[in-house]
Amino acid sequence: MGSGSTASLLAAVACVVLAVFPPVASGDAATLESVPDLVKAMYINVESFPCVRLLNHSGQVDPGHDKVIAPIVRFGNRNDQLVQPSAVLLPLNQMTDFFLRVSNDPELYHKIAGVLVEANGIDNMLEFSPDRKFPQQAFAPYSNLSHHWNPTGSGIMWNKYDFPVFLLSEESTQTLQNLADKNEKSANGYLANVAEFDLVMQTTKAGTHDSESCLREQSCLPLGGQSVWTSLPPISNSSTKHQKPIIMVTASQDSASFFRDRSLGADSPISGLIALLTAVDALSHLHDISNLKKQLVFAVFNGEAWGYLGSRKFLQELDQGADSVNGISSLLIDQVLEIGSIGKAISQGYPLFYAHAAGNSSISMKMVDALQSASESLGSDNVKVKPAASSNPGVPPSSLMSFLGKNSSTPGLVLEDFDSQFSNRFYHSTLDGPANINSSSIAAAAALIARSLYILASADLPIDLITLNTIKVNVSLVEELIGCLLKCDPGLSCGIVKSFISPSNSCPSHYVGVFQDLPAGTQFPSYADDISRFIWNFLADRTSSLAGNSSSCTGQCHDEGEICVGAEVEGGGRCVVSTTRYVPAYSTRLKFEDNVWHVLPVNSSDPFSAADPVWTESFWNTIGLRVYAVQATSYDWLVLLIGIIITAASYFAVIVGRSYISKIIKRD
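These numbers come from a predicted model, not from an experiment.

**Student:** Go over the overall build of the protein chain with me, naming the residues and quoting the values.
**Tutor:** Looking only at helices and strands, the protein chain features 16 helices and 27 strands. In the protein chain, which comprises 668 residues, the share counted as buried stands at 52%. Sequence-distant contacts in the protein chain: of pairs separated by 6 or more residues, those separated by 24 or more amount to 78%. About 29,400 Å² of surface is accessible on the protein chain, with carbon and sulfur atoms providing 52% of the total.

**Student:** How would you summarise the packing of aromatic side chains if you had to cite specific residues and measurements?
**Tutor:** Each aromatic ring pair is specified by the distance between its two centres and by the angle formed by the two planes. Using the criterion set out here, one finds 28 aromatic pairs in the structure. Relative to Phe 99, the ring of Phe 98 has its centre 5.4 Å away and its plane inclined at 90 degrees; by these criteria the two rings are edge-to-face. Accessibility classification places Phe 98 together with Phe 99 in one group, the buried group. Both rings, one in Phe 139 and one in Phe 608, keep their centres 5.4 Å apart while their planes meet at 75 degrees; by these two values the pair is edge-to-face. Here Phe 139 is found in the loop between β7 (112-117) and β8 (165-168), whereas its partner Phe 608 is found in the loop between β25 (596-599) and β26 (616-618), with 469 residues between them in sequence. Each member of the pair, Phe 139 together with Phe 608, is buried. One Lys or Arg, Arg 262, reaches over the ring of Phe 49 and ends 5.0 Å from the middle of that ring.

**Student:** Help me get a handle on the layout of surface pockets, residues and values and all.
**Tutor:** Approximately 560 Å³ is the volume found for the second largest pocket. Around the second largest pocket, the lining is made up of 25 residues, and of these Glu 560, Gly 561, Glu 562, Ile 563 and Arg 581 lie nearest the centre. For the lining of the second largest pocket, the secondary structure elements donating two or more residues are β21 (562-565) and β23 (580-585). Residue contributions to the lining of the second largest pocket peak at 3 residues, all from β21. By residue class, the composition of the lining of the second largest pocket is 8 nonpolar, 12 polar and 5 charged.

**Student:** Describe in detail the packing of helix α7 (residues 266-283) against helix α11 (residues 439-458), supporting the description with residues and values.
**Tutor:** For the pair α7 and α11, the least separation of the axes is 8 Å and the interaxial angle reads 50 degrees. Judged by the angle between their axes, α7 and α11 are oblique. At the point where α7 passes α11, the crossing takes the right-handed sense. Counting all contacts with α7, which are made through Ser 271, Ile 274, Ala 275, Thr 278, Ala 279, Ala 282 and Leu 283, the residues of α11 involved are Ile 442, Ala 445, Ala 446, Ile 449, Ala 450 and Leu 453.

**Student:** So what about empty space enclosed by the protein? Which residues, and what values?
**Tutor:** This model, assessed by the stated rule, comprises 3 cavities of 30 Å³ or more. Around the largest cavity, the lining is made up of 23 residues, and of these Ser 252, Pro 269, Pro 397, Ser 398 and Tyr 427 lie nearest the centre. For the lining of the largest cavity, the secondary structure elements donating two or more residues are β12 (246-252), α7, β14 (333-339) and β18 (412-416). Grouping the constituent residues of the lining of the largest cavity by class yields 10 nonpolar, 9 polar and 4 charged.

**Student:** Could you give an account of the state of the cysteines, naming the residues involved and the relevant values?
**Tutor:** Tallying each qualifying case throughout the model produces 5 disulfides. Covalent S-S linkage joins Cys 214 and Cys 220, the inter-sulfur distance amounting to 1.8 Å. Between Cys 214 and Cys 220, the S-S dihedral sits near 80 degrees, and the bridge is therefore right-handed. Assigning the bonded cysteines of the protein chain consecutive numbers by sequence position, one obtains the connectivity 1-2, 3-5, 4-6, 7-9, 8-10.

**Student:** Please provide a residue-by-residue account of helix α9 (residues 361-377), values included.
**Tutor:** In a regular helix each residue adds 1.5 Å, so 17 residues correspond to 24 Å; α9 covers 24 Å between its end C-alpha atoms and thus fits that length. Looking at α9, one finds that the buried residues are Ser 364, Met 367, Val 368, Ala 370, Leu 371, Ala 374 and Ser 375. Here the buried residues of α9 occupy an arc of 150 degrees about the axis, which is enough to place them on one side. Facing away from the buried side of α9 by over 90 degrees, the exposed positions are Ser 361, Lys 366 and Glu 376. Positive phi appears at Gly 379, one or two residues downstream of α9, with a value of about 55 degrees.

**Student:** Which residues make up the side chain of Thr 410, and what values go with them?
**Tutor:** Positionally, Thr 410 belongs in the loop between α10 (400-406) and β18. Given the relative accessible area of 9%, Thr 410 is considered buried. Here Asn 407 takes part through its backbone oxygen, which lies 2.8 Å from a polar atom of the side chain of Thr 410. Excluding residues that lie within four positions of it along the chain, Thr 410 makes contacts with Val 336, Ala 358, Gly 359, Asn 360, Phe 403 and Leu 404.

**Student:** Outline the nonpolar core, supporting the account with residue identities and numerical values.
**Tutor:** In terms of nonpolar packing, the biggest core is built from 82 residues, with Leu 276, Leu 283 and Phe 534 touching the most fellow members. No other element matches α11, which puts 14 residues into this core. With near-sequence residues (within four places) excluded, Phe 534 lies in contact with Leu 277, Leu 481, Leu 485, Ile 496, Val 497, Phe 500 and Ile 501. Residues Ile 112, Leu 116, Val 165 and Phe 197 belong to the second largest nonpolar core, which totals 58 residues.

**Student:** Account for a nonpolar patch on the surface, with residues named and values stated.
**Tutor:** Judged by side-chain polarity, Trp 637, Leu 640 and Ile 644 come together as a nonpolar surface patch covering roughly 350 Å² of accessible area. By the secondary structure assignment, Ile 644 is in helix α16 (residues 633-667). Using a relative accessible area of 49% as the deciding quantity, one classes Ile 644 as partly exposed.

**Student:** Give me the lowdown on unusual backbone geometry, citing residues and values where you can.
**Tutor:** For the bond from Leu 232 to Pro 233, the omega torsion is -5 degrees, close enough to zero to count as cis. Put simply, Ser 268 and Pro 269 share a cis peptide bond, and its omega is 10 degrees. Tracing the chain through its elements places Pro 269 in helix α7. At Gln 218, a position not held by glycine, the phi torsion is positive, near 55 degrees. You can call Gln 218 partly exposed: its relative accessible area is 48%.

**Student:** Hey, could you go over the pairing of strand β6 (residues 86-90) for me, with residue numbers and the actual values?
**Tutor:** With 5 of 5 residues buried, β6 is to be regarded as a mostly interior element. Here β6 shows two buried faces, one formed by Ser 86, Val 88 and Leu 90 and the other by Ala 87 and Leu 89. Relative to β6, strand β5 (residues 68-74) runs parallel, the two being bridged by 3 bridges. In the strand pairing of β6, Arg 74 is matched with Leu 89. Sheet topology places β6 next to β7; 5 bridges connect them, and they run parallel. Within the sheet, the bridge partner assigned to Leu 90 lies in β7 and is Val 117.

What counts as what
Residues numbered from 1 in each chain as written. Predicted model: local features only at pLDDT ≥ 70, side-chain atom pairs only at ≥ 80, totals over all residues. Heavy atoms only, no water. Helix = DSSP H or I, 4+ residues; strand = E, 2+ residues; numbered from the N terminus. Buried < 20%, exposed > 50% of the residue type's maximum accessible area, 1.4 Å probe, protein only. Contact = heavy atoms within 4.5 Å. Areas by Shrake-Rupley, 256 points an atom, 1.4 Å probe, with all protein chains shown as cover. Phe/Tyr/Trp six-rings, centres within 6.5 Å; stacked < 30°, edge-to-face > 60°. Lys NZ or Arg CZ within 6 Å of the ring centre and 35° of its normal. 1 Å grid on protein atoms, 1.4 Å probe; cavity = no way out; pocket = protein on both sides within 12 Å on 5 of 7 lines; lining within 4 Å. Points joined across faces, edges and corners; volume = space filled by probe spheres on them. Nonpolar A, V, L, I, M, F, W, Y, C, P; charged D, E, K, R; others polar. Axes fitted to C-alpha atoms, helices over the stretch in contact; angles between N-to-C directions. Parallel < 35°, antiparallel > 145°, perpendicular 65-115°, else oblique. Left-handed = near helix turned anticlockwise from the far one by under 90°. Disulfide = S-S within 2.5 Å. Expected span 1.5 Å × (residues − 1). Arc of directions from axis to C-beta. Polar contact = N/O pair within 3.5 Å; in protein donor to acceptor, adjacent residues only side chain to side chain. Core = buried A, V, L, I, M, F, W, Y, C linked by side-chain atoms within 4.5 Å. Patch = residues over 30% accessible without salt bridge, like charges linked within 9 Å, V, L, I, M, F, W, Y side chains within 5 Å. Salt bridge = Lys/Arg side-chain N within 4 Å of Asp/Glu carboxyl O. Pairing = 2+ DSSP bridges.

Take a look at the structure:
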């Protein structure tokens, strides 16, 4: 039989199969003109956000698995049971109870093939935080670790689960709900609609079940990125002699959640970051700031949600006199003011903030006094500041803990929108989005901070009330930064971001990511993320004075002390005089040597070294989720039977044809 006959036979078989078992199509079957069309009709790719595998020095958390295929079932009742391994469709408001139950029910645990979490808006009654009740308590510089800073915390994001977990988008939630409904209505009990989790997490090499072993085998990378610091006004030279005492103002740029790419952290901590950027913008308009008695230094730390990577590495760089912190010294740090979660401070119609003081009590109290003086100067804006309750065990979870761990007498203060417990019901969850904050609260915090810094930096000089009252924040800048840093529209495609960088994505994510650069040469990192690059350019621009040569630049500037701002934009940037630097943010227990990361022994001189988790992320390929329909076993047998019949008929046709041809040949 010729090749043409064979092709015709295969086509006939395909037509019979498609006629008997038409595909569950997302489009019109009549438009199927090619194999890709058929695949598209049979499979639905689901928009979703995965939970990925992380490791630390003692083991691993979060899921890891090869391809998983399982029927989609609803699971919305505490008494529900599973009869077979299933992909569970779960409402977000039941996620905490479900994962706590799974952790304590081995029988149920082994029947979970995967979890699909539905997208939900913010419910006024919903409280959801997958972090612990005392986040990162191992870094607390005090002994009372039983305090519940985060009362809604469940801790489920720190457990290990041997099944994939995906957060669905709003559109895909509807799709999966429809498929689950079809499975529920199945007359014969056969669950036809299944979910396929493809390459959920590329498993690490055999025997590499912690950070040290996977780094040694080069099957993971450390969590980390780039922090940014700057000074206002620019520090004129690299020598620390004759320099002013430093007021260090800090904020964090990263957050965490159960789902890697949905770590928005609107209130905790991005509201504080926006307030810092807005305060710098306000102070940059002062003409006499160089005459103040203290130097303002602003630092935005990365990796704080994962063991205070940024702040601890920053302090280590200071100790080592690294180039990344050239021009400042830890001995010059006079006060530390941290801007924490300040996006929910509107109470009884006006913003109310709480000052959590630590370290040298007299200087810390002066900082509180400066905040209260600043609030009074705002007059009709009615911004209030109160000292945090004395019954608190100490400062809340914050970067200030890193400074206190190094020197317990460091005068410091954390400005928050809460007193004894987080006001953020969604701490480190996917729901901590722009709807969870108030732009008026952020603008009020920025004005309060800007004026407080002017008062503190004046030290014993008489306060120029005229100058103080001219310090006003740009409220529209706050609104713009919220849209840029917390929303997909406009997201990082907004005007102010694109005036400085060419973003790789529009939707912002504040997950720290992995450290991919070589630790050396951090002033021009190859892999700084969009957020870090924007912060660097924004701070460099706002704290700068124009260079003598204002020609365009696309990289380094020729004169010492100058940097190129906006180098990524079309047409190039401009050289300005600014002391703005990148600082690497990764575990202080890591060392890069011979092209391999090594975990160092515990440093006895660092009280937090033993507590350092040394977080890493294992390598992974494209993570995907798709759904499709499968037929029951009886249909498989029917297909087999049809195949056998067609094969037998073909064989019989060949025998008859051969006999007929033989007779014709004999006659001839």
